[in-house]
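Observations on the three-dimensional arrangement
Chain by chain, the residues:
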Amino acid sequence: MYRSLGIAAAASILTARQALCDGSPARHKLQDASGKTGNAIPCADGTFVHPWQPPPREAIKRALRDEEFDVLVIGGGCTGAGVALDAVHRGLSCALVEQNDFAAGTSSRSTKLIHGGVRYLESAFKNLDWSMLELVDEALHERKFMLQSAPYMARPLPIMIPAYSWWQVPYFWVGAKFYDLVAGRSRFVPKSHYIDRDEALHRYPMLKGDGLKGAVVYYDAMHNDARMNLGIILTAVQKGARAINHTEVVSLLHNEDGRVCGAKVRDTISGEESTIRAKVVVNATGPFSDHIRKLDDPNAEVRSE
């Protein structure tokens, strides 16, 4: 795991478009987080690979103690990572702490699917619901974006719908084709198609063969949710955020007006405690949010068990 951020990080390789350089195919100088100059490596597709290494864990801990931040994010899952990245892109100084590992909770336990929603499309046509159709369209654009921008962690996923009645074959086929049609140029996956009974059983030997008429195969996508989460955090760190894991929030700090102005944290590896000062604290701990709420107000109503 990447120890320099709390989990063993050798080096994160990030890419930048050639336009970000000067257009020359030669190597370009740049500085990494430690201030050292490195070389941008030109690739055949016109992009440049910039070797970059996040700051050491001790340097991050020192910055968390010494600096005052605009935003402190508690929680290193997908929500916390997104908040941190958004904050630094808005020019805010941001710190992020995670008591376990980044994406160790719900954010690494998703279905891994990136889908537009075939069932939503069916509901849109059955109920003449335009908003549902817009939802599918938006989701399919998101699918295209993830497949296009991060092909190393997202890929097309074939999904087969078996048909056990002859009327289901054209019904499923038309539905899948409409799904392709809504995606349009944003499809970015193979087209849906029909396969006969023998081909369906060849691909999926465990499928019930009795009464099988054939199957329709359509495509959605799947991705590595934990890697995506870590990539977002590393991007935020490269933009100036201070992110650290294995760091538990022990208590919240309050100013004279009773407003939360930071947190006292403990390094769960070394046991060292320190304080982080911030103007705003964001509780992005998902199912553990009530625990943080109770640190602010012991009488707070518990909303989840």
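That block above? That's the structure.
Residues numbered from 1 in each chain as written. Predicted model: local features only at pLDDT ≥ 70, side-chain atom pairs only at ≥ 80, totals over all residues. Heavy atoms only, no water.

1. A look at helix H1 (residues 57–66)
Turning to H1, its buried residues are Arg57, Ile60, Lys61, Ala63 and Leu64. One side of H1 carries all its buried residues, which in axial view fall inside an arc of 160°. Elements in contact with the buried residues of H1: strand E5 (68–74), strand E6 (94–97), strand E11 (242–244), strand E12 (247–254), strand E13 (260–267) and strand E14 (273–283). (Buried < 20%, exposed > 50% of the residue type's maximum accessible area, 1.4 Å probe, protein only. Helix = DSSP H or I, 4+ residues; strand = E, 2+ residues; numbered from the N terminus. Arc of directions from axis to C-beta. Contact = heavy atoms within 4.5 Å.)

2. Some words on the side chain of serine 289
Along the chain, serine 289 turns up in helix H8 (residues 289–296). Of the residues examined, serine 289 reaches a relative accessible area of 16% and is grouped as buried. In this view, serine 289 contacts Asn283 and Arg303; residues no more than four positions away in its chain are not counted.

3. Considering helix H7 (residues 225–238)
Look at H7: 20 Å from first C-alpha to last across 14 residues, which is about the 20 Å you get at 1.5 Å a residue. Taken together, the buried positions of H7 are Asp225, Met228, Asn229, Leu230, Ile233, Leu234, Ala236 and Val237. Where H7 starts, the residue carrying a side-chain oxygen 3.4 Å from the main-chain nitrogen of alanine 226 turns out to be asparagine 224. One or two steps after H7, the chain reaches glycine 240, where phi turns positive at roughly 120°. (Expected span 1.5 Å × (residues − 1). Polar contact = N/O pair within 3.5 Å; in protein donor to acceptor, adjacent residues only side chain to side chain.)

4. Some remarks on the packing of helix H3 (residues 118–126) against helix H5 (residues 168–183)
With their axes 10 Å apart at the nearest point, H3 and H5 run at an angle of 100° to one another. One way to sum up the angle between H3 and H5 is to call them roughly perpendicular. Here H3 contributes Val118, Leu121, Glu122, Phe125 and Lys126 to the contact with H5, which in turn contributes Tyr171, Gly175, Phe178, Tyr179 and Val182. Of the residues contributing to the contact of H3 with H5, the split by class is seven nonpolar, one polar and two charged. (Axes fitted to C-alpha atoms, helices over the stretch in contact; angles between N-to-C directions. Parallel < 35°, antiparallel > 145°, perpendicular 65-115°, else oblique. Nonpolar A, V, L, I, M, F, W, Y, C, P; charged D, E, K, R; others polar.)

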